[in-house]
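# A look at the structure
Below are the chains, spelled out letter by letter.
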Amino acid sequence: MSCDQDAETRHVLGCFRDRLKRLIQVEPLLDLLHFLEPDRKDRIKAKFREEGDINAAAFLIDEIIHSKNYARGWSRELIAALETVGCRHAAKYVLNSPPEPTEEAENDSCVRLIDLLQLTLVSMKTGDVCAHCRALGLLTLEDQENIMKLTENQGNIGGARLLLKRLVKNEAGWFSKFLQALEDTEHHDLVRELRGEPCNEDGEAPAIFCIIGLIDLYRKKIHKSLDEHMQCNAKCERSNTVRKISQRMMIRQVQSRDVHPSAKHSGESKRDIVLRDYQMEVARPALEEKNIIICLPTGSGKTRVAVYITKKHLERKKQMGQPGKVVVLVNKVPLVEQHYKAEFGRFLKHQYSVERVSGASQLKISFPQIIEQNDIIICTAQILENSLAKAKNEFTLMVIDECHHTKKGGVYNHIMIRYLSQKHKNQLLKKQEKSPVPLPQILGLTASPGVGGAMNQQMAEEHILQICANLDAFTIKTTTFKEEEAKTPYKRIARAEERKEDPFGDVIKKIMDEIHTHADLKPLCDPGTQYYEQWVVQKEQNAAKEENQMVRVCAEHLRQYNEALHQSNTIRMSDAFRFLNKYHTEELKTKSSPDEEGTITITDTERFLFTLFKDNKAKLQELMGKPQYENNSLAQLKTNILKEFSTRERARGIIFTRTRLSAIALCQWIQENPKFDEVGVRASYLIGGGDQSVVKPMTAAEQKDVLNKFRDGQINLLIATTVAEEGLDIAECNFVIRYCLVTNEIAMIQARGRGRAEDSSYTLVAEAGSGVAERESVNEYREKMMSTAIVKVCKMNRADYEKKTREFQMQAIIEEKVKIKKKLLKGMMKEPPSKISLSCRQCSVFVCSGEDIEKIENMHHVNVTKQFSKLFTVRENASLQERLLDYETNGVIACKNCGQQWGSMMLYKSIECPCLHIKHFVVTYSSKKKTFSKWSELPIKFPAFDYTQHADLLVEDSEEEDLETD
């Protein structure tokens, strides 16, 4: 944006100052105004805390008007920031595009009306109204989160006040949408009051409408006055000067629409990107348009290098008069927003159009249009893969974050296989003297490519070469940090003594032995181990195929006891008991019929198992209350946490653990222990967002809230699963603890990299004899192998390197072709549904033939026959509340005979469709009984669901019922 436009914006701010100060939300806006110096921001924030939003907004406007030191283009940043935080009304004023005078007066009346009726309106159901206002576009996600947080802390009225305060800052038209939100949430009395309709018993309007009548009269006078005196604008806040400015700006806006899209970004970037020497060194080949992998430790600025390369790439394309378009691929949904806000959007959105899309975004539906309309797109890899299957690739640069995931079976690799196949075709086209298809430049980012389970140095080098080949990399660039080696966390292993006594575990093992005897099972390994878990899973699958219900149900219960043993070795005994108690309570519920149509039978084996737990329940409860029997790993963890918080001035750390259940349990243990509170521990957990039946997943918004609190210092200890190991931008920590958790060298490097602060520590807490410490030593050795392998690959002779990577690429292309042929052949060989039948996995009762099954949207397998409907009951399932495009699932269907879950009840375009989950059935196929985990494993072609046919049948049945009633 030019200096003239910045000067005009200053003038507009002065003209509309009194109105703008009531429309601007200062607190969220300041975070996006990078042209303001930190000390000025602090003064404005202090003003906000002391005198409120309006005075702070006025102070902000005055700061902008009177300061002449801002970098060119600040006005565009201001407008973009206003739009981002939801102050679109204010943005229109700053653009000198205010509403018409009549519309403005109407809006002012609505604001006054809300103010007058505030005492009545605060009685609304804030949560419901807030959600509807968000859906109608009246609130941003941040607004909604702030309102709900205030509601939780100060009650419904406090939240309602903030909701109303935020609503009136919207552009004209918000009032009708607010009325709609009130209607939708059944606040009919409030709607009638706001509309001026009678709502008391005698049909008269409340006294408040005497005032509203005056407002209406005042509004009409304004309209008349404006109509008669539109020429007398000198007395209004819209001066003739401003109108002239507006005309000039409108002419420029019209002219800009006719300019080539690449010319939109002729202004300079708001913020300069300054790279350190080592960053510039690793970026150099990419700046020469070569495909490379950048391998730098966590926290060393890989993403900043990628932003710099992106900027230079687009500038170069523009100078050459060529179209430039960049896609940034990530493997986790939270990373989309993170890369946008912290890096790509922050540095480049003032010069280029930047958009972000993920599976959690509605924009994924119009992804092709998003590509067309923007210069830089940040998205999850699966979104791009879905798009490439339907349309050609338009990108000139592809940035792949955490690129070590580019391996067989991964979505990154699917995308790169397309690239490599086209590269191979291009070579053939060149030989035929035809034009090749343009391919994007590739930039891979990773902190740890790993060694892929290599057993020796040669295999480690092969793994690095394979990653380079998969990404078609010219080279892999890394560096050593001599001056920063001191920042590497101090590592120690804290070994806990083995348990001398474990009476709680002994009771569980005794129960398991009784089950072994009852089912005549002879385990090949000790309970409480992973090997036992594998053995018992295999037993359950075999028993289901053989219709041996006694062994099948015993094996299922043994799995739960084995999990409880593992929990008692890592978390509290009380947590393990609660896990078992919850399982048995829920299993008993499934055995109670929800209606009087039929009675669910409990077998002798099930009765034995329920009684066995009931008989031992009191003993388990007694033992879990004796702290002397808790596992020593927990005591060792407690010692380490207390040490970190007692010896550091400002401790901030992360504990990594294996399961979501243990993360939540450890967090509760810390919060309930007063010793941790005494040293200032403020803990919260962070778990993944993927669906899991045992523990409710965290939403992206919940993850974001926890991470923000961690950055702000409200939380100083995170207990996290591996979701926090990779990619997520977590504030600098000065200690990291891996609790009884060892996976591979990549996870070890990623977790250790979270300890970025000076004098940080990395501790592995493990029980002696568990093998965890030994596996960690193996990972350390593999890390050294990886570093050596990268150096050797970088020093390889160019011809040898290219020959080796080409071999890997040709192998990948051939394997993909074979895979596609096999898939096509498998599709052609698919047999008719009549070849299979389904029976209940638990009680073996016949369920249906494959001929009764149809597919909705090529993925949901449903059975809508009347005969099938007599075999199941429907139970409510609070954890399953998905709202999708044309269907919703909100219930569980279960066997009427034994209570075994079969699937979910789906409402598809108003038709109830029982949706079957294959894992709950035994499939008889070619006279053999088999179990499957996915429908795709079955070589059967099911017909598509005929919506029209079933809808007609429903209408006919309904008409017959009506006739019978008459």
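Residues numbered from 1 in each chain as written. Predicted model: local features only at pLDDT ≥ 70, side-chain atom pairs only at ≥ 80, totals over all residues. Heavy atoms only, no water.

As recorded by an unreviewed UniProt entry, the protein chain carries the name RNA helicase and is attributed to Cyprinus carpio. According to the UniProt record, the Sequence similarities (unreviewed entry) comment for the protein chain reads "Belongs to the helicase family. RLR subfamily." The heading Catalytic activity (unreviewed entry) in the UniProt record of the protein chain holds the text "ATP + H2O = ADP + phosphate + H(+)". (UniProt positions renumbered as here; feature names shortened; annotations may be inferred.)

With that out of the way, let us pick up the overall build of the protein chain. What the protein chain contains, in helices and strands, is 37 helices and 24 strands. Within the protein chain, buried positions represent 48% of all 966 residues. Taking the intrachain contacts of the protein chain between residues at least 6 apart in sequence as the baseline, contacts between residues at least 24 apart amount to 70%. Accessible surface, the protein chain as shown: approximately 48600 Å² in total, 49% of it carbon and sulfur. (Helix = DSSP H or I, 4+ residues; strand = E, 2+ residues; numbered from the N terminus. Buried < 20%, exposed > 50% of the residue type's maximum accessible area, 1.4 Å probe, protein only. Contact = heavy atoms within 4.5 Å. Areas by Shrake-Rupley, 256 points an atom, 1.4 Å probe, with all protein chains shown as cover.)

A separate point is the packing of aromatic side chains. Throughout the structure, instances matching the rule amount to 13 aromatic pairs. The interplanar angle of 45 degrees and the centroid separation of 5.0 Å between the aromatic rings of F868 and F872 together place this pair among those described as tilted. Judged by relative accessible area, which is 1%, F868 ranks as buried. On the basis of relative accessibility, which here comes to 7%, the residue F872 falls in the buried class. Between the aromatic rings of W902 and F921, the centroid separation amounts to 5.7 Å while the plane-to-plane angle is 40 degrees, which identifies the pairing as tilted. (Phe/Tyr/Trp six-rings, centres within 6.5 Å; stacked < 30°, edge-to-face > 60°.)

Now for helix 13 (residues 174–184). Residues lying three or four places apart along an α-helix face the same way, a consequence of the helix completing one turn every 3.6 residues. When we look at burial in helix 13, the residues that qualify are W174, F175, F178, L179, A181 and L182. Angular distribution of buried residues about the axis of helix 13 spans 160 degrees; they occupy a single face of the element. As for helix 13, its buried residues are in contact with helix 8 (101–116), helix 10 (126–135), helix 12 (156–167) and helix 14 (188–195). At the exit of helix 13 stands E186, carrying a positive phi of roughly 65 degrees. (Arc of directions from axis to C-beta.)

Let's shift gears to the side chain of S387. Structurally, the position occupied by S387 is in helix 21 (residues 381–388). Apart from residues no more than four positions distant in its own chain, S387 is found in contact with F367 and I371.

Below, the discussion takes up the pairing of strand 21 (residues 901–908). The side chains of a regular strand alternate between the sheet's two faces. Of all 8 residues that make up strand 21, 6 are buried, and the element is covered over most of its length. Here strand 21 runs beside strand 22 (residues 911–916); their pairing, made up of 6 bridges, is antiparallel. Bridge pairing in strand 22 places M905 opposite P914. Remark: 2 residues form the turn of the hairpin made by strand 21 and strand 22, two consecutive strands paired antiparallel; K909 in that turn has positive phi of roughly 50 degrees. (Pairing = 2+ DSSP bridges.)

Another aspect to go through is the sheet that holds strand 23 (residues 921–925). Overall, antiparallel pairing links the 4 strands, which are arranged 15-14-23-24 in an open sheet. Of all strands in the sheet, those bounded by a partner on one side alone are strand 15 (846–849) and strand 24 (928–930). Averaged over all neighbouring strand pairs, the angle between strand axes comes to 25 degrees, with direction disregarded. (Axes fitted to C-alpha atoms, helices over the stretch in contact; angles between N-to-C directions.)

Strand order in the open sheet formed by 7 strands is 3-4-2-5-6-1-7, and the pairing between neighbours is parallel. On the outer flanks of this sheet lie strand 3 (354–357) and strand 7 (475–477), each paired with one strand and no other. Averaged over all neighbouring strand pairs, the angle between strand axes comes to 15 degrees, with direction disregarded. Relative to strand 4 (residues 376–380), strand 3 is paired through 4 bridges, and the arrangement is parallel.

Another point: the pairing of strand 11 (residues 717–720). Residues of strand 11 alternate between two faces, with L717 and I719 on one and L718 and A720 on the opposite face, all of them buried. Here strand 9 (residues 653–656) pairs with strand 11 via 4 bridges, running parallel. Bridge pairing in strand 11 links F656 to A720. Relative to strand 11, strand 10 (residues 683–686) is paired through 4 bridges, and the arrangement is parallel. From the neighbouring strand, S684 faces strand 11, where its bridge partner is L718.

Contact pair helix 24 (residues 503–519) / helix 26 (residues 549–570): the axes reach a minimum separation of 10 Å and the direction vectors enclose 165 degrees. With respect to each other, helix 24 and helix 26 are oriented roughly antiparallel. The interaxial crossing formed by helix 24 with helix 26 has left-handed handedness. Residues F504, G505, I508, K509, I511, M512, I515, H516, H518 and A519 of helix 24 form the contact with helix 26, whose own contacting residues are M550, V551, C554, L558, Y561, N562, A564, L565 and S568. Taken together, the residues of the contact of helix 24 with helix 26 break down into 13 nonpolar, 5 polar and 1 charged. (Parallel < 35°, antiparallel > 145°, perpendicular 65-115°, else oblique. Left-handed = near helix turned anticlockwise from the far one by under 90°. Nonpolar A, V, L, I, M, F, W, Y, C, P; charged D, E, K, R; others polar.)

To continue, consider the nonpolar core. In this structure, L329, C379, L384 and I400 are the most contacted members of the largest nonpolar core, which totals 43 residues. In terms of residue count, the dominant contributor to this core is helix 23 (residues 457–470) (6 residues). In this structure I400 touches L329, T406, Y412, M416, I442, L443, G444, L445 and L471, once residues within four positions along its chain are discounted. With 40 residues, the next largest nonpolar core counts I571, L637, I687 and L717 among its residues. (Core = buried A, V, L, I, M, F, W, Y, C linked by side-chain atoms within 4.5 Å.)

Our next topic: a positive patch on the surface. Together, K819, K823, K830 and K941 make up a region of like positive charge exposed at the surface. By relative accessible area, which is 67% here, K823 ends up exposed. (Patch = residues over 30% accessible without salt bridge, like charges linked within 9 Å, V, L, I, M, F, W, Y side chains within 5 Å. Salt bridge = Lys/Arg side-chain N within 4 Å of Asp/Glu carboxyl O. Lys, Arg positive; Asp, Glu negative; His and termini not counted. Charge placed at Lys NZ, Arg CZ, Asp CG, Glu CD.)

Let's shift gears to the packing of helix 10 against helix 11 (residues 141–154). In contact at an axis separation of 10 Å, helix 10 and helix 11 are set at 175 degrees when each is read in the N-to-C sense. Taken together, the axes of helix 10 and helix 11 lie roughly antiparallel to each other. Between helix 10 and helix 11, the contacting residues are T126, G127, C130, A131 and R134 on the first element and L141, Q144, I147, M148 and T151 on the second. For the contact of helix 10 with helix 11, a count of residues per class yields 5 nonpolar, 4 polar and 1 charged.

Here we take up the pattern of salt bridges. Opposite charge on two side chains permits them to pair, given that their charged atoms come into close proximity. Going through the model one piece at a time under the given rule, you end up with 41 salt bridges. With a closest N to O distance of 3.4 Å, R43 and E63 form a salt bridge. Of this pair, R43 sits in helix 4 (residues 38–51) while E63 sits in helix 5 (residues 53–66); the two residues are 20 residues apart in sequence, bridging distant segments of the chain. On the basis of relative accessible area, R43 is assigned to the partly exposed category, the value being 38%. Take E63: its relative accessible area is 13%, and that puts it in the buried class. A salt bridge links K510 to E514; its shortest N-O distance comes to 3.2 Å. Taken together, the residues span about one helical turn, with K510 and E514 both in helix 24 at a distance of 4 residues.

Next up on the list: empty space enclosed by the protein. If you walk through the whole model with that rule in mind, you get 1 cavity of 30 Å³ or more. Considered as a void within the structure, the largest cavity measures approximately 30 Å³ in volume. Around the largest cavity, the lining residues are L13, I24, L60, I61, I64, L78, L82 and V94. Residue classes in the lining of the largest cavity are distributed as 8 nonpolar, no polar and no charged. (1 Å grid on protein atoms, 1.4 Å probe; cavity = no way out; pocket = protein on both sides within 12 Å on 5 of 7 lines; lining within 4 Å. Points joined across faces, edges and corners; volume = space filled by probe spheres on them.)

Helix length check: helix 11 (14 residues) gives 20 Å between terminal C-alpha atoms against 20 Å at 1.5 Å per residue, within 8%. What helix 11 keeps buried is the set D143, Q144, I147 and T151. When helix 11 is viewed along its axis, its buried side chains cluster within an angular range of 100 degrees and face the same direction. Among the exposed residues of helix 11, those pointing more than 90 degrees away from its buried face are E152 and N153. The secondary structure elements touched by the buried residues of helix 11 are helix 10 and helix 12. (Expected span 1.5 Å × (residues − 1).)

Although it is not a glycine, E289 adopts a positive phi angle of roughly 70 degrees. Looking at where E289 falls in the secondary structure, it is placed in the loop between helix 17 (277–287) and strand 1 (292–295). Look at D520: it is not a glycine, yet its phi comes out positive at around 55 degrees.

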